[in-house]
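Close look at the chain arrangement
Below are the chains, spelled out letter by letter.
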There are 2 protein chains.
Amino acid sequence: MTAPDAATVLACLRLARTDGIGPVAYRRLVRTHGSVHAALDMLERGATRISRSIGTLCPRDDALREIDHLQAMGAHLLVHGQPGYPPLLGRLHDAPPVLSVLGDPALLANRMVGIVGGRNASSGGVRMAESLAALLAAHGVDTISGLARGIDAAAHRGAMTAGRTVAAIAGGLDCPYPPEHDALQDQIARTGAVVTEAPLGTVPQARHFPRRNRLIAGLGLGCVVIEAALRSGSLITARMALDYDRTIFAVPGSPLDPRCHGSNDLLRQGAVLTENERDILRELPEFMEETTLFPMQAPPPALAVRGAAPRHETPPRAMPAPPPAPPPAGTDNLHEMIEGFLSFTPSPVDDLVRRCQFSTAAVLTVLSEMEIAGTIEFLAGDMVVRRPPPA
Amino acid sequence: MTAPDAATVLACLRLARTDGIGPVAYRRLVRTHGSVHAALDMLERGATRISRSIGTLCPRDDALREIDHLQAMGAHLLVHGQPGYPPLLGRLHDAPPVLSVLGDPALLANRMVGIVGGRNASSGGVRMAESLAALLAAHGVDTISGLARGIDAAAHRGAMTAGRTVAAIAGGLDCPYPPEHDALQDQIARTGAVVTEAPLGTVPQARHFPRRNRLIAGLGLGCVVIEAALRSGSLITARMALDYDRTIFAVPGSPLDPRCHGSNDLLRQGAVLTENERDILRELPEFMEETTLFPMQAPPPALAVRGAAPRHETPPRAMPAPPPAPPPAGTDNLHEMIEGFLSFTPSPVDDLVRRCQFSTAAVLTVLSEMEIAGTIEFLAGDMVVRRPPPA
């Protein structure tokens with residue numbers, strides 16, 4: 001595995017740390033312009049229409065300072081589409097552009113399941129979390145959780161009795177939360193890994209937790225919920241995991257205990273009833289297939305994407321080989337073609353590309369324009385849908 | 001509702017109390033011979049081949065004595081196919097031929113659910129059973145259970161706080177079990193009903209409990225399981241209820257409590273996860289459709305079935321009207337026709353009747369002969385299947 005070059009990491013970090021560029025916009029920018037460098041170049045020149053909706057570009061010095069600080073504390077920066085980025089997470093349509101990791105970043109590519117649940121856990125819930133995590137570790141499956149009080153901490157502790165564990169956190173690596181889990185975070189970083197999307201210095205606030213939950217949902221092959229009350233954060237994590245096509249596991253609990261109502265409800269919705277580690281191991285994919293990351297890994301030739309989006313290419317072949325060098329072709333009607341294919345039922349972008357017989361980049365450019373014009377909307381899983389006209 | 005005539009009740013009781021005649025054999029005898037009187041007559045004369053496999057016919061005096069004793073204690077005898085027999089139970093292929101009831105026999109026709117579970121119930125399990133039964137009663141749904149310690153007793157008590165309850169027991173009405181539930185049985189009999197298949201004087205033994213469980217499974221529209229350990233009797237009741245197409249409900253419990261492993265396993269197999277009475281009410285059929293009992297209710301003309309099984313009838317019409325008076329028709333090939341239609345995949349008897357264009361009685365006579373010859377087997381749900389030849 002070769003290390004990503006420093007210039008690319010810097011460019012990624014600047015893009016990722018710019019207000020208004022979330023993971024989906026980041027990915028779209030890079031796809032549209034062919035590389036992170038090209039996207040950054042566009043934004044600096046104000047030459048792309050998407051730039052209207054975003055804030056000031058993250059200054060180069062700020063990004064360099066963050067990289068220096070991370071290096072000084074022995075942390076790692078993983079960049080989407082570059083070597084070292086965890087493959088299972090990398091496949092997601094909203095994969096985080098950059099991850100900061102304390103500990104062993106290679107651990108993030110291991111077979112893992114998320115174990116999440118309530119902070120005010122019962123002693124039984126704590127025992128379940130510890131025991132499941134320890135027994136999964138004994139079977140070579142690591143546990144990722146959110147370092148919270150209750151079930152999360154119990155899962156981390158259980159996993160460490162027999163293996164390693166990953167803590168996904170909402171704030172910066174230098175801001176352990178809750179404060180009493182300072183030592184636990186240190187221990188996890190020494191023996192496993194602590195991962196976050198947030199820049200150093202970020203004190204976690206409520207709005208940061210969905211990103212932490214997404215890491216748990218996306219890094220795990222499945223998500224185990226123990227003692228989640230109705231409308232609790234653990235259910236949000238489970239919902240995200242379900243959106244990512246992960247298997248949801250729930251430990252049943254007495255209906256007399258409100259702490260179990262949310263997890264029981266997951267069972268009602270089809271989660272795998274989980275009494276022991278065998279219930280989980282039985283449902284996990286036997287091995288992690290080699291992932292095909294999205295085309296950032298094999299960017300189109302830089303010339304084709306610098307300056308303006310390419311408009312003259314042959315239809316792309318079936319994935320994953322990149323399309324051959326594009327001979328010219330008429331494209332005046334691409335916008336109209338896409339208009340014609342779109343409907344109020346979501347369609348995969350890949351389908352549009354196939355039907356339009358233009359390059360992905362060309363189609364995405366038009367789609368981005370349509371999104372900004374408010375006529376379409378991007379959905380999870382690389383789907384687009386026509387927006388109804390205002391009533 | 002007219003009362004069944006005394007002669008029919010006596011004949012039914014003699015047949016039902018004869019060793020070797022279980023519910024399925026009872027039903028087949030009556031169907032084959034057209035009426036319980038005809039079947040009894042055959043057996044007394046040793047004229048039917050099925051009689052080889054059964055014991056001495058229950059003497060008339062013994063049956064009369066049982067009827068007298070039941071009357072003396074204020075109990076009722078309900079006879080399958082006769083007015084007063086609970087319709088939901090009456091539809092089953094193995095409906096009990098006779099039921100003894102202390103209390104209000106009409107209660108057995110109410111909307112009911114079974115609530116069953118472990119004897120060594122936790123306090124939480126007891127609270128769940130009481131609360132579910134009470135809230136169901138408040139919604140007009142009665143509870144039937146098995147008068148056992150633990151969950152059963154809690155369900156009965158809960159139901160009585162807001163309505164009535166039915167206790168199905170394994171022994172005779174004069175043999176309450178367990179002994180400490182003597183007073184509970186009295187209370188249920190005064191306000192609700194106690195029902196059994198067993199004759200008076202039957203001290204319940206292990207082998208009697210499946211019949212008690214069948215009553216719970218068959219009289220209820222659904223079966224709720226609370227705290228059932230693996231391989232416990234409650235699971236047998238649930239399995240029977242499932243065989244009867246009833247909805248199975250299970251209350252989830254902590255995997256740390258072995259008392260919940262069986263009920264959790266039911267959830268794994270698709271039982272309705274039940275936290276409160278709404279989970280049950282939502283899944284129950286809104287009303288009980290009028291039942292079409294099997295043809296015992298409208299027996300063919302006595303002349304056609306006395307002496308020998310009828311062999312000359314027109315094809316029966318669609319149920320439930322009895323077939324019109326039969327003109328003669330050639331039947332020499334009925335045996336061959338049935339042979340031709342049967343396969344190693346189970347077929348409904350009704351289908352055979354339809355395809356053979358002979359009367360149900362004629363077809364059943366041939367099938368009974370084939371069963372005794374070992375070439376076919378009767379299965380639940382009035383199905384028959386060809387038996388493979390000995391290897």
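Residues numbered from 1 in each chain as written. Chains lettered and ligands numbered in written order. Predicted model: local features only at pLDDT ≥ 70, side-chain atom pairs only at ≥ 80, totals over all residues. Heavy atoms only, no water.

The subject of this paragraph is the overall build of chain A. Counting its regular elements, chain A contains 16 helices and 12 strands. Counting all 391 residues of chain A, 53% fall into the buried class. Counting contacts in chain A only where the partners sit at least 6 residues apart, residues at least 24 apart contribute 71% of the total. In the structure as shown, chain A presents an accessible area of about 17,100 Å², 53% of it carried by carbon and sulfur atoms. (Helix = DSSP H or I, 4+ residues; strand = E, 2+ residues; numbered from the N terminus. Buried < 20%, exposed > 50% of the residue type's maximum accessible area, 1.4 Å probe, protein only. Contact = heavy atoms within 4.5 Å. Areas by Shrake-Rupley, 256 points an atom, 1.4 Å probe, with all protein chains shown as cover.)

All names here are of chain B. Turning to its location among the elements, Asp-243 is positioned in helix α10 (residues 233–243). The exposure class of Asp-243 is exposed, given its relative accessible area of 58%. When the C-alpha atoms of Asp-243 and Ala-380 are compared, they prove to be 8.8 Å apart, with 137 residues separating the residues in sequence.

Next up on the list: the pattern of salt bridges. Summed over the entire model, instances satisfying the criterion amount to 34 salt bridges over all chains. Ionic pairing is found between A:Arg45 and A:Asp41, a salt bridge with its closest N-O pair at 3.3 Å. Taken as a pair, A:Arg45 and A:Asp41 lie in helix α3 (residues 36–45) at a separation of 4 residues, close to a single helical turn. A salt bridge links B:Glu277 to B:Arg278, with the nearest nitrogen and oxygen atoms 4.0 Å apart. Overall, the relative accessible area of 10% leaves B:Glu277 in the buried class. If you follow the salt bridges from partner to partner, you end up with A:Asp265, A:Arg268, B:Glu275, B:Asp279 and B:Arg282 in one network. (Salt bridge = Lys/Arg side-chain N within 4 Å of Asp/Glu carboxyl O.)

The element helix α9 (residues 209–219) of chain A is extensively covered by neighbouring structure, given that 8 of its 11 residues are classed as buried. Listed as buried for α9(A) are A:Arg212, A:Asn213, A:Arg214, A:Leu215, A:Ile216, A:Ala217, A:Gly218 and A:Leu219.

All right, on to the UniProt feature "domain: Smf/DprA SLOG" (unreviewed entry) in chain A then. As annotated by UniProt and renumbered to match this structure, "domain: Smf/DprA SLOG" (unreviewed entry) occupies residues 77–284 of chain A. Taken as a whole, residues 77–284 of chain A contains 37% helix and 18% strand, while its terminal C-alpha atoms sit 29 Å from one another. (UniProt positions renumbered as here; feature names shortened; annotations may be inferred.)

The subject of this paragraph is the interface of chain A and chain B. Facing the 19 residues of chain A at the interface are 19 residues of chain B. Buried area between chain A and chain B, both sides added, is near 1,400 Å², and the carbon and sulfur share of it is 62%. Of all residues in chain A, A:Leu256, A:Arg268 and A:Glu275 give up the largest surface area on contact with chain B, accounting jointly for 40% of the area buried on that side. Taken together, the links from chain A to chain B amount to 4 salt bridges. The partner of A:Arg268 in a salt bridge is B:Asp279, with the nearest N and O atoms 3.0 Å apart. Listed by contribution, the elements that provide at least two residues to the side of chain A that touches chain B are α6 (123–138) and α11 (261–268) of chain A. With 4 residues, α11(A) is the single largest residue contributor to the side of chain A that touches chain B. Across the side of chain A that touches chain B, the residue classes tally to 8 nonpolar, 6 polar and 5 charged. (Buried area = accessible area lost by both parts, 1.4 Å probe. Nonpolar A, V, L, I, M, F, W, Y, C, P; charged D, E, K, R; others polar.)

Glancing now at the relation of the copies chain A and chain B. Between the two copies, chain A and chain B, the superposition gives an RMSD of 0.3 Å; the rotation angle is 180° and the shift along the axis is 0.2 Å. In symmetry terms, the pair is related by a two-fold rotation axis. By C-alpha distance to the rotation axis, the residue of chain A lying nearest is A:Gly253, at 2.2 Å. Here 100% of the contact residues of chain A are again contact residues in chain B; the copies associate through an equivalent surface. (Least-squares fit on C-alpha atoms with pLDDT ≥ 70 in both.)

What follows is about the side chain of A:His208. Residues and elements named next belong to chain A. For His-208, the location among the structural elements is in the loop between β6 (193–196) and α9. The exposure class assigned to His-208 is buried, which follows from its relative accessible area of 15%. Among residues more than four places away in sequence, those in contact with His-208 are Ala-170, Thr-202 and Val-203.

Next up on the list: the sheet that holds strand β12 (residues 383–386) of chain B. Residue and element names in this part refer to chain B. Strand order in the open sheet formed by 3 strands is β10-β12-β11, and the pairing between neighbours is antiparallel. At either end of the open sheet lies a strand with only one pairing partner, and these are β10 (347–348) and β11 (376–379). Bridging between β11 and β12 involves 4 bridges; their strand directions are antiparallel. Bridging across to β12, Leu-379 finds its partner in Met-383. (Pairing = 2+ DSSP bridges.)

The subject of this paragraph is unusual backbone geometry. Residue and element names in this part refer to chain A. Of the consecutive residues Tyr-177 and Pro-178, the connecting peptide bond is found in the cis state with omega at -5°. For Pro-178, the location among the structural elements is in the loop between β5 (165–168) and α8 (182–191). Of note, Leu-147 is a non-glycine position whose phi angle comes to about 60°, a positive value. The residue Leu-147 is located in the loop between β4 (142–145) and α7 (151–162) in this model. On the accessibility criterion, Leu-147 (0% relative accessible area) is buried.

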